[in-house]
Amino acid sequence: MRPIVRNGVRIDESFAEAFPMRGTAIVITGPNQRWAKQAAVTMTGFATSVIGCGCEAGIDHEISAKETPDGRPGVRVLIFAMSSDTLQTQLVNRVGQCVLTSPGSACFGDLESEDRLQIGDAIRYFGDGWQVSKKFGARHFWRVPVMDGEFLCEATTGLTKKAVGGGNLLIMGATPKTTFRATEAAVAAMNEVKDVILPFPGGIVRSGSKVGSKYKAMSASTNDAYCPTLRGAVATNLDEDIGCVLEIVIDGLNEQAVAKAMRAGLAAILKLGPEDGAVRVGAGNYGGKLGPFHFHLKDLLP
Amino acid sequence: MKPLVLALEQEPDQRLDLSPLSPHRLDGKSAKEIAEIEVQTTREKVTVGDLFRIRPGDAQTIVFEGGSTRLDNVGLGLKGGEIIVEGDVGKCVGRSMSGGNLVVAGDAGPYAGSALSGGRLEIGGNAGDFLGGPLEGELEGVTGGLLIVRGDAGARAGDRLRRGTLVIEGSAGDYPGSRMIAGTLVVLGATGVLPGYLMRRGTIALANPPELAPTFLDCGAHELAFASLSSRLLKPESRGAAKLFSSLLHRFAGDSAALGKGEILFPA
């Protein structure tokens, strides 16, 4: 099969296989951008993969003071999980431990939907009877007295059952340096897309996994077919000019957003070319039998 | 679609009960049927046709041209649509309304917006006593929605307020927010004696507070995210209320003669 080549970069005739998830969005505000972001970074920490963290979470984008409900600088956070119950638990735990505790913070729902998840409705009990309910039209807020004043938290936020998790790109380059450059360019471009997050550290994962292991206790293990140091020893997927592989995983509130992010990332990688960036781009899948969403790279080319 | 217009031709010689003249009760009625609706409150029979010149239109919007303090129960139980009164109204305007928009350009009598549970009621002039309050024997006043008075309100505004927002851009009489259960009451002008008398929960924001009862306890001046949120949410309806909530607010908790979980806020 002749590979597709764009600007000298080879593109696999492959697709990213993604799964349905439950997703939600909230806005965290603070006295300034730094502290709004601090609360968001803390609550989205240790949320790279549902396998070990219970949920996948990240910052969608920062919001100027003019556009937030309370007129202070804010950050939009997205959280994804495999079931509505887990998402509810993770949301309340994370807001309770990381946003409620962060100085000057406030928390608002930011997803329109009939299905609701509790935020303030659960956190209010921290107020020990001094919590105050406030309704404005259809919106309901809780004011919880805390040591720096009040924690203002919307009662609920929306829940979407149309979220998509596991969109991905495999970026393959000659050296770690050039692969990094291509991947970082892709991450920067994908961060501009709304309604998606890249849950791994800085948006990048270097330890892609395959299903199963030689060890009984492990359900997943290193993706040896993409490990450059095993290139000669296993049934490798790598060509001889590839010395490093990095992956970007994308979760989105809907299928279109994930496709848009993958398209933006792909465009950034291809623009850089093979000398300064990646020589090849692929995508991870399980043969197409597990996940209902298939993002074919050839359909996402610029 | 043109609105249904009811032009008042003369001052009525008795108080009128206009509660039948709401969009959901006039929907699909012809001008002739509307003209036959009885609105008297005495033994003298009076129909809509006797007093109003009817210009047929879509009853989802009803416009009263001219007003009178004898027009009682305008928009009573309003569920949706719109009623505009280009004049004064009597007692109980918008009582028990649960949705829609009701605008009175002139003054309103007592019990305006009584037991409002949803929608929006705006009074361009002044309102009488017991703004939004319950009638005798009822346990709750306003339980939702938005009530705005551009002028002054009488005594006991927001009595037994449970939920929702009341904004009085002028001054309020004595005992505003008496027996409040919860909710939000804003007064931008002067305020009579003893605001929040026996309030349990809720928020009273006063631009010019009088001396408070000693049962209100000084909690100091604070910057509250809730206040800036209120400021932004109220801005489209009342710039004055938005300005009040954007200032540093002094908080007094009370009424400690009752439950004591309410608050009176005013600029520090």
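Residues numbered from 1 in each chain as written. Chains lettered and ligands numbered in written order. Predicted model: local features only at pLDDT ≥ 70, side-chain atom pairs only at ≥ 80, totals over all residues. Heavy atoms only, no water.

### Regarding the overall build of chain B
Here is the rule: The way it works is that DSSP assigns letters per residue, a run of H or I at least four long becomes a helix, a run of E at least two long becomes a strand, and they are numbered from the N terminus. Here the globule rule is a power law, 2.2 Å times the number of residues to the power 0.38, and the radius of gyration is based on C-alpha atoms. Whether a residue is buried, partly exposed or exposed follows from its accessible area with a 1.4 Å probe, protein chains only, as a fraction of its type maximum: under 20%, in between, or over 50%, in that order. Contacts are residue-level and defined by heavy atoms, with any inter-residue pair within 4.5 Å sufficient. The accessible surface values rely on the Shrake-Rupley method and a 1.4 Å probe; as for residues, cover is taken only from the protein chains in view. Residues scored as positive are Lys and Arg, those scored as negative are Asp and Glu, and His as well as the terminal groups of each chain are ignored. Taken as the charge location is NZ of Lys, CZ of Arg, CG of Asp or CD of Glu.
Within chain B one finds five helices and 15 strands. A compact globule built from 268 residues would reach a C-alpha radius of gyration of about 18 Å, and chain B, at 19 Å, matches this within 12%. Over its C-alpha atoms, taken along the principal directions, chain B stretches across nearly 60 × 35 × 25 Å. Looking at chain B residue by residue over its 268 residues, the buried ones come to 55%. Taking contacts inside chain B between residues at least 6 apart in sequence as the whole, the part at least 24 apart equals 42%. In the structure as shown, chain B presents an accessible area of about 10,600 Å², 49% of it carried by carbon and sulfur atoms. With 28 positive and 32 negative side-chain charges, chain B shows a spacing of 6 Å between the two charge centroids.

### Here we look at the pattern of salt bridges
The test is simple: One speaks of a salt bridge when a side-chain nitrogen belonging to Lys or Arg is within 4 Å of a carboxyl oxygen belonging to Asp or Glu.
All told, the structure shown has 29 salt bridges over all chains when counted by the stated rule. The partner of Arg10(A) in a salt bridge is Asp239(A), with the nearest N and O atoms 2.7 Å apart. Linking Arg10(A) in strand S2 (residues 9-11) with Asp239(A) in the loop between strand S15 (220-222) and strand S16 (244-252), this pair joins segments that are 229 residues apart in sequence. A salt bridge links Glu122(B) to Arg120(B); the shortest N-O distance between them is 2.6 Å. Comparing Glu122(B) with Arg120(B) shows no difference in burial state: the two are buried. Each member of the salt-bridge network shares a partner with another, and the members are Arg10(A), Asp12(A), Asp239(A), Asp241(A) and Arg280(A).

### Description of the domain arrangement of chain A
Where interface size is given, it is often the accessible area lost as the parts come together that is meant. All names here are of chain A. Rule in force here: Where each domain begins and ends follows an automated or database-derived domain assignment. Summed over both partners, the accessible area lost on bringing two parts together, with a 1.4 Å probe, is the buried area. Here a polar contact means two N or O atoms within 3.5 Å. Within protein one must be a hydrogen donor candidate and the other an acceptor candidate, and residues neighboring in sequence count only if both atoms are side-chain atoms. In this classification, the charged set is Asp, Glu, Lys and Arg, the nonpolar set is Ala, Val, Leu, Ile, Met, Phe, Trp, Tyr, Cys and Pro, and all remaining amino acids, among them Gly, are polar.
Under the domain assignment, chain A is made up of domain 1 (4-18 + 163-299) and domain 2 (22-160). Summarising the inter-unit geometry, the C-alpha centres of domain 1 and domain 2 are found 30 Å apart. Every contact between the two is made by 13 residues of domain 1 and, on the other side, 18 residues of domain 2. Together, the buried faces of domain 1 and domain 2 total about 1,100 Å²; carbon and sulfur atoms form 63% of this surface. It is Ala-163, Ile-197 and Leu-253 in domain 1 that bury the most area against domain 2; as a group they hold 46% of the surface buried on that side. Applying the counting criterion to the domain 1 and domain 2 interface returns one salt bridge. For Arg-76, the salt bridge goes to Asp-195, with nearest N and O atoms at 2.7 Å. Here domain 1 is connected to domain 2 by two residue pairs in polar contact (both at pLDDT 80 or more). For the side of domain 1 that touches domain 2, the elements supplying multiple residues, two or more each, are strand S13 (196-197) and S16. Taken together, the residues of the side of domain 1 that touches domain 2 sort by class into eight nonpolar, two polar and three charged.

### Focus on a nonpolar patch on the surface
Put simply, the test is: Patch members must show over 30% relative accessible area and no salt bridge, and they are joined within 9 Å when carrying like charges or within 5 Å when they are nonpolar side chains of Val, Leu, Ile, Met, Phe, Trp or Tyr.
On the surface, a nonpolar cluster with roughly 320 Å² of combined accessible area is contributed by Tyr175(B), Val193(B), Tyr197(B) and Leu198(B). Residue placement: Val193(B) occurs in the loop between strand S11 (184-190) and strand S12 (203-208).

### Thoughts on the environment of Ile62(B)
Residue and element names in this part refer to chain B. Take Ile-62: it is sitting in strand S4 (residues 58-65). Residue Ile-62 is classed as buried on the basis of its relative accessible area, which comes to 0%. When the C-alpha atoms of Ile-62 and Asp-107 are compared, they prove to be 18 Å apart, with 45 residues separating the residues in sequence. Those residues in contact with Ile-62 that lie beyond four places of it in its chain are Leu-4, Leu-6, Leu-21, Ser-22, Pro-23, Leu-26, Glu-82, Ile-83 and Ile-84.

### Regarding the nonpolar core
The nonpolar side chains of a soluble globular protein tend to be buried, and buried together. For clarity, the threshold we go by: Side-chain atoms within 4.5 Å are what join buried Ala, Val, Leu, Ile, Met, Phe, Trp, Tyr and Cys residues into a set we call a nonpolar core.
Ranked by size, the top nonpolar core spans 56 residues in total, and within it Phe64(B), Val74(B), Ile123(B) and Leu131(B) carry the most contacts. Once you skip the residues sitting within four places of it in the chain, Phe64(B) turns out to touch Leu6(B), Leu18(B), Leu21(B), Phe52(B), Val74(B), Ile83(B), Ile84(B), Val85(B) and Glu86(B).

### Focus on the interface of chain A and chain B
The interface of chain A with chain B comprises 19 residues on the first partner and 17 residues on the second. Taken over both partners, the interface formed by chain A and chain B buries close to 1,500 Å², and the fraction arising from carbon and sulfur atoms is 61%. Among the residues of chain A in contact with chain B, Lys134(A), Phe136(A) and Arg143(A) are the three that bury the most area, contributing 36% of the side total. Close ionic contact of Arg143(A) with Glu263(B) constitutes a salt bridge, the shortest N to O distance being 2.6 Å. Sort the elements by how many residues they give to the side of chain A that touches chain B and strand S8 (residues 132-136) of chain A lands first, with three residues. For the side of chain A that touches chain B, a count of residues per class yields eight nonpolar, three polar and eight charged.

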